[in-house]
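Reading the structure
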Amino acid sequence: MLEITPELLLQAYRIGVFPMGERRDDPKLYWLDPRLRAVLPLDGFHLPKRLARTVRNGLFEVSADTAFTDTMRACAEPRPGHPESWINDPILDLYGELFARGHAHSIECRRNGGLVGGLYGVSVGAAFFGESMFSRERDASKVALAHLVLRLRLGGYRLLDTQFITSHLAQFGTVEITRADYRRRLADAIAIKAQFYGEVAPDALTGFLQSSTQRS
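So, here is what we can say about the structure in this document.

Spatial ordering of the open sheet is given by E4-E5-E6-E7-E8-E3-E9, a layout of seven strands whose pairing is mixed. Every other strand in the sheet has two partners, leaving strand E4 (61-64) and strand E9 (175-178) as the edge strands with one partner each. In this sheet, adjacent strand axes meet at a mean angle of 30 degrees when their direction is disregarded. Bridge analysis of strand E3 (residues 36-39) against E9 gives four bridges, and the strand direction is antiparallel. Bridge pairing in E9 places Ala 38 opposite Glu 176. Lying over the sheet, helix H3 (residues 68-75) contacts strand E5 (104-111), strand E6 (114-124) and strand E7 (127-135), oriented at roughly 100 degrees with respect to E6.

Spelled out as structure tokens, the structure:
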């Protein structure tokens, strides 16, 4: 069996392929290359007005890259309707190494000092590949997604890949495209250098909320 290294993993993302585990306690990984791919157009992101108020009111303390491993482990926890997880130990190790190399990032939401929501993903060029998100309180993962989109827009990213479409993601503007279309967009994005923003100025957040809620 071919050993999956961080270098191989990054190369897989560059050609549109990504790994998953079968179960949390199963160490094997398999590659996916979906016929249809879900993407969230960064210039077409729309935020429901109620959620925009939650972001604006600062219910959660939002940070980036301060608890990457904890965020991954939280994403792997059982939750209603999803007792099993594809995030196994090899996934934790591989993506932890990508984070150490600056190719993976997390957004964390805290309340009263506790981690209550967040997401993580992989960054290559101007493409960001969203891997998983979690929420222990209402709207926490949605707030994390809004902050991710803001950081990607500020940093000059061109592509936000969400892999699969769900009703949760569709409300923000996520769409499905063909594999061929995805690969064209991916090739354009990874050829460009982008910057992942850790800190966001208050005026940037205000402008982002105004422009995003206008589409709701």
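The rest of the description comes next.
Turning to the packing of aromatic side chains, a few remarks are in order. Considering all chains together, one arrives at ten aromatic pairs under this definition. With centroids separated by 6.0 Å and ring planes inclined at 75 degrees, the aromatic side chains of Phe 18 and Phe 164 adopt a geometry described as edge-to-face. Pair noted here: Phe 18 is in strand E1 (residues 18-21) and Phe 164 is in the loop between strand E8 (159-163) and helix H6 (167-170), with a separation of 146 residues, a long-range link. Relative accessible area serves as the criterion here: at 36%, Phe 164 is assigned to the partly exposed category. Both rings, one in Phe 128 and one in Tyr 157, keep their centres 6.4 Å apart while their planes meet at 80 degrees; by these two values the pair is edge-to-face. Of this pair, Phe 128 sits in strand E7 while Tyr 157 sits in the loop between helix H5 (140-155) and E8, placing them 29 residues apart in sequence. For Phe 128, a relative accessible area of 0% puts it in the buried group.

Let us look at the packing of helix H2 (residues 49-57) against helix H8 (residues 202-213). Geometry of a packed helix pair, given as the angle between the helix axes and the separation of the axes. Interhelical geometry of H2 versus H8 gives an angle of 175 degrees and a closest axis separation of 10 Å. As judged from the angle between their axes, H2 and H8 are roughly antiparallel. Contacts between H2 and H8 involve Lys 49, Ala 52, Val 55 and Arg 56 from the first element and Leu 205, Leu 209 and Thr 213 from the second. Its residues assigned to classes, the contact of H2 with H8 shows four nonpolar, one polar and two charged.

Attention shifts here to the state of the cysteines. Applying the stated rule across the entire model yields zero disulfides. Unpaired in terms of disulfides, Cys 75 finds its nearest cysteine sulfur in Cys 109, a separation of 11 Å.

Turning to unusual backbone geometry, a few remarks are in order. Of note in the backbone geometry, Asn 112 takes a positive phi value of approximately 55 degrees without being a glycine. Note that Asn 112 resides in the loop between E5 and E6. By relative accessible area, which is 80% here, Asn 112 ends up exposed. Even without being a glycine, Asp 139 presents a positive backbone phi close to 75 degrees.

Attention now moves to the pairing of E5. The element E5 is extensively covered by neighbouring structure, given that seven of its eight residues are classed as buried. Pairing geometry for E4 and E5, over four bridges, is antiparallel. Residue Ser 63 lies in a different strand from E5, and its bridge partner there is Glu 108. Both E5 and E6 contribute to a ladder of eight bridges, which runs antiparallel. In the strand pairing of E6, Arg 110 is matched with Leu 115. The antiparallel hairpin formed by E5 and E6 contains two residues in its connecting segment, where Asn 112 sits at a positive phi of about 55 degrees.

About the cut-offs
- The written sequence of each chain sets the order in which its residues are numbered from 1.
- Per-residue local features are limited, in this predicted model, to residues with pLDDT of at least 70; the limit for side-chain atom pairs, both in listing and counting, is 80 or more; totals at the level of whole chains, interfaces and linings are taken over all residues.
- As a rule here, side-chain values come from all non-hydrogen atoms in the structure, and water together with hydrogens is ignored.
- Criterion used throughout: strands pair if DSSP finds at least two bridges between them.
- Only runs of H or I of at least four residues qualify as helices and only runs of E of at least two qualify as strands under DSSP, and these elements are numbered from the N terminus.
- The axes are straight lines fitted to the C-alpha atoms, using for helices just the contacting stretch, and the angles between their N-to-C directions are given from 0 to 180°.
- Throughout, a residue-residue contact means that at least one pair of heavy atoms, one from each residue, lies within 4.5 Å.
- Stacked, edge-to-face and tilted labels apply to pairs of Phe, Tyr and Trp rings (six-membered ring for Trp) whose centres lie within 6.5 Å, assigned for plane angles under 30 degrees, over 60, and everything in between, in that order.
- The classification of residues rests on relative accessible area computed with a 1.4 Å probe and restricted to protein chains. Under 20% of the type maximum is buried, over 50% is exposed, and intermediate values are partly exposed.
- Oblique is the label for any angle not under 35 degrees, not over 145, and not in the 65 to 115 range, which are roughly parallel, roughly antiparallel and roughly perpendicular in turn.
- Under the convention adopted here, Pro, Cys and the residues Ala, Val, Leu, Ile, Met, Phe, Trp and Tyr are nonpolar, Asp, Glu, Lys and Arg are charged, and Gly plus all remaining residues are polar.
- The disulfide definition used here is simple: a pair of cysteine sulfur atoms within 2.5 Å.

In short, shape yes, function no, at least from these values alone.
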